[in-house]
Amino acid sequence: MPNIAQAHEAGPIYSWRGDALGPTVVVGTGVAADAARGFLRDNGLRRPALLASPSAHHDGRLRRLADALAVPDGRVFDFLTGHARSSDVTRITRELAGTGVDAIIALGGGTVSDTAKNVVAALLGERPAAAAVPIVALPTTLSAAELTAAAGSIDESGHKRVVWADHLAARIAIYETDYLATTPPAVLYGTVFNAMAHCLEGLYSPSRTPITDALAGSGLRMLCGRSAGSDAERLRRLATGAVLAGLVVTRAKSGLEHAICHSLGAVTGVAHGAAHAVMLARTIRFNTEDWPGAAGYLAAAGYPDIEALAAELDAIRASYALPERLRDLGVAAEQLTDIATATMRERGYVENVRAGVSEHQLVELLRTCW
């Protein structure tokens, strides 16, 4: 059973010990190196590699972590930016092949997490899943991508491909508030919208259950709540909400809103979190229009009607100073049809609660967001 504990001078550490239901999760302040080192030690892992983005250098964080975990320079890959790319996966896999690497440390957001998962899949090849190299995730954003079994990457032709396997989810995810605090607000709070989308889409997912509904409702309260307290306390609350949202999306698959945001990234290169900030309220409105289950859905989400939900999401977006429209993200009107076409190839489109959405309807929805 999950183990919950609290004790730390700088604030509580929330530790969920992994089992068959998912990875070990740690949320706290000043915990990153010790938690990662303890996981490696307890599992006899001595040859980790470290994946990160260049931004991890700016405060010496990457160097300190590499030293603490005894990762040599030859197994540090610090060039990951933008969206996860197949070319980066190929490069890292080639350099790690034959080195005896036995763990991947992923320090960063969704790009680093997805790259790490794809590297694990490539290193595994045709061997049994039990031989997969474990991922130790130290997220700097709140999308909870590290908790899911899906890994996306964009190939040389600009198409997004997704692999899905249970062994690709991180074995331990360590949400260090000191790391989260260094992420630019526009990036961090955009990923809060991604987490809220996991909850809101999970509540009308065809694969939803009473358990995922409970997780989604609790996650939304953590992510939407306005609580007083220190920055660390606020980040711990948001990280906890993101974890709950991640547990939702691993069991109740996402729908149209995620399909659109994935396509926006693949076609235009916009940041995934920023895309959610623009699309979430309008897509929920589109999906629930004239849907018989809308009242029950909104009650589960904790809102009396769609207007109240949309107003809350708009207020949160404005409080985070996130973009309101697609054109604010640099999306051209001429790209809307290409985005709609790409959306119809996404699994979330096929599994959406509102079936049979036409390309014309998608373009019109995107136009209302443009």
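For the structure, see preceding data.
In this report, the structure presented in the accompanying data block is examined. Per chain, the residues get numbers from 1 upward, laid out in the order the sequence is written. In keeping with the model being predicted, local features are shown solely for residues with a pLDDT of at least 70 and side-chain atom pairs are shown and tallied solely at 80 or more, while totals for entire chains, interfaces and linings include all residues. Side-chain calculation: all heavy atoms of the structure are included, whereas hydrogens and water are not.

## Some thoughts on helix α9 (residues 256-268)
- Numbering of helices and strands starts at the N terminus; helices are DSSP runs of H or I of at least 4 residues and strands are runs of E of at least 2. Given a helix with a known number of residues, its expected span is that number minus one, times 1.5 Å. Between its first and last C-alpha atoms α9 spans 18 Å; for 13 residues at 1.5 Å apiece the expected length is 18 Å, and the two agree.
- Accessible area is worked out with a 1.4 Å probe on protein chains only. A residue is then buried under 20% of its type maximum, exposed over 50%, and partly exposed in between. A large share of α9 lies buried, amounting to 10 of its 13 residues.
- If you check which residues of α9 are buried, you get L256, E257, H258, A259, I260, C261, H262, S263, L264 and G265.
- Positive phi appears at G269, one or two residues downstream of α9, with a value of about 80°.

## Some remarks on the side chain of D102
- For D102, the position within the fold is in the loop between α3 (86-96) and β5 (103-108).
- For this analysis, a polar contact is any N or O atom pair within 3.5 Å, provided that within protein one partner can donate a hydrogen and the other can accept it, and provided that sequence-adjacent residues contribute only side-chain to side-chain pairs. Engagement of the side chain of D102 in a polar contact is seen with the backbone nitrogen of R46, the distance being 2.8 Å.
- Engagement of the side chain of D102 in a polar contact is seen with the backbone nitrogen of R47, the distance being 2.8 Å.
- Any pair of residues with heavy atoms lying within 4.5 Å of one another is described as a contacting pair. If sequence neighbours within four positions are ignored, D102 has contacts with G44, L45, R46, R47, P48, V133 and P134.

## Digging into the pairing of strand β3 (residues 48-52)
- Burial runs high along β3: 5 of the 5 residues are buried.
- Alternating positions in β3 separate into two faces, P48, L50 and A52 on one and A49 and L51 on the other, with burial throughout.
- At least two bridges found by DSSP between two strands is the condition for calling them paired. In terms of strand pairing, β3 meets β5 through 5 bridges, oriented parallel. In the sheet register, A52 faces β5, and the bridge partner there is L107.
- Relative to strand β4 (residues 76-77), β3 runs parallel, the two sharing 2 bridges. Considered in β4, the bridge of L51 is made with F77.

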